[in-house]
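Descriptive analysis of the structure
Below, each chain spelled out in residue letters.
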Amino acid sequence: MAELTVDIVAADRHVWSGTARSVVAPAHDGEVGILAGHTPLLALLTSGTVRVTPTSGSAVAIAVTGGFVSVDSDQVTVVADSAEQPVSG
């Protein structure tokens, strides 16, 4: 099964990284869902929750404000202006 490599960082620290089946991010013009094989993407983020479905373990939800999300070759990078610590759920 194809998977995504995900890195989520805030301006001041690393927040979460790992492999995932999917990522949903609050893009400026609406939520964007990302699965393996997604076309390259660069989108501005708005305040909301980045939701990650890891390949193993519980789902991760991280509240972010601003920043951007980048997708290229199954590598997802979220750079947030600020982010709350991950909350499992």
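Quick caveat, the model's predicted, so the values are computed rather than measured.

1. Focus: the overall build of the protein
- When helices and strands are counted, the protein shows 0 helices and 8 strands.
- Secondary structure of the protein in N-to-C order comes out as β-β-β-β-β-β-β-β.
- Over its C-alpha atoms the protein spans a radius of gyration of 11 Å, differing by no more than 12% from the 12 Å that the globule rule assigns to 89 residues.
- Over its C-alpha atoms, taken along the principal directions, the protein stretches across nearly 30 × 25 × 20 Å.
- Burial analysis of the protein (89 residues in total) assigns 35% to the buried set.
- Taking as baseline every contact in the protein between residues at least 6 positions apart, the subset at least 24 positions apart corresponds to 49%.

2. Digging into unusual backbone geometry
- The phi torsion at S73 lies on the positive side, around 50°, for a residue other than glycine.
- Along the polypeptide, S73 turns up in the loop between β6 (60–72) and β7 (75–83).

3. Here we look at the pairing of strand β2 (residues 13–27)
- In this sheet, β2 lies alongside strand β1 (residues 4–10) in antiparallel orientation, the contact comprising 7 bridges. Bridge assignment links A10 to a residue of β2, and that residue is R13.
- Between β1 and the antiparallel strand that follows it, β2, lie 2 residues.
- For β2 and strand β5 (residues 48–54), the ladder comprises 4 bridges, and the chain directions are antiparallel. Residue pairing across strands places A20 opposite P54, the latter belonging to β5.
- Sheet topology note: the β2/strand β3 (residues 30–35) ladder contains 6 bridges and is antiparallel. Paired with V24 across the bridge in β3 is G33.

4. What to know about the confidence of the model for the protein
- Summing up the model confidence of the protein, the mean pLDDT is 94 and the portion of residues at 70 or higher is 94%.
- Across the protein, the element-wise mean pLDDT spans from 56 in strand β8 (residues 87–88) up to 98 in strand β4 (residues 41–44).

5. Side note on the pattern of salt bridges
- Throughout the structure, instances matching the rule amount to 2 salt bridges.
- For D12, the salt bridge goes to R13, with nearest N and O atoms at 3.2 Å.
- A residue is classified by how much of its surface remains accessible, and D12, at 62% relative accessible area, is exposed.

6. Considerations on the UniProt feature "domain: ATP synthase F1 complex delta/epsilon subunit N-terminal" (unreviewed entry) in the protein
- Under the local residue numbering, the UniProt record ascribes the feature "domain: ATP synthase F1 complex delta/epsilon subunit N-terminal" (unreviewed entry) to residues 4–83.
- Taken end to end, residues 4–83 has its terminal C-alpha atoms 21 Å apart, with 0% of it in helix and 76% in strand.

Calculation rules
- Residues numbered from 1 in each chain as written.
- Predicted model: local features only at pLDDT ≥ 70, side-chain atom pairs only at ≥ 80, totals over all residues.
- Heavy atoms only, no water.
- Helix = DSSP H or I, 4+ residues; strand = E, 2+ residues; numbered from the N terminus.
- Rg over C-alpha atoms; globule rule 2.2 N^0.38 Å.
- Buried < 20%, exposed > 50% of the residue type's maximum accessible area, 1.4 Å probe, protein only.
- Contact = heavy atoms within 4.5 Å.
- Pairing = 2+ DSSP bridges.
- pLDDT = per-residue confidence, 0-100.
- Salt bridge = Lys/Arg side-chain N within 4 Å of Asp/Glu carboxyl O.
- UniProt positions renumbered as here; feature names shortened; annotations may be inferred.

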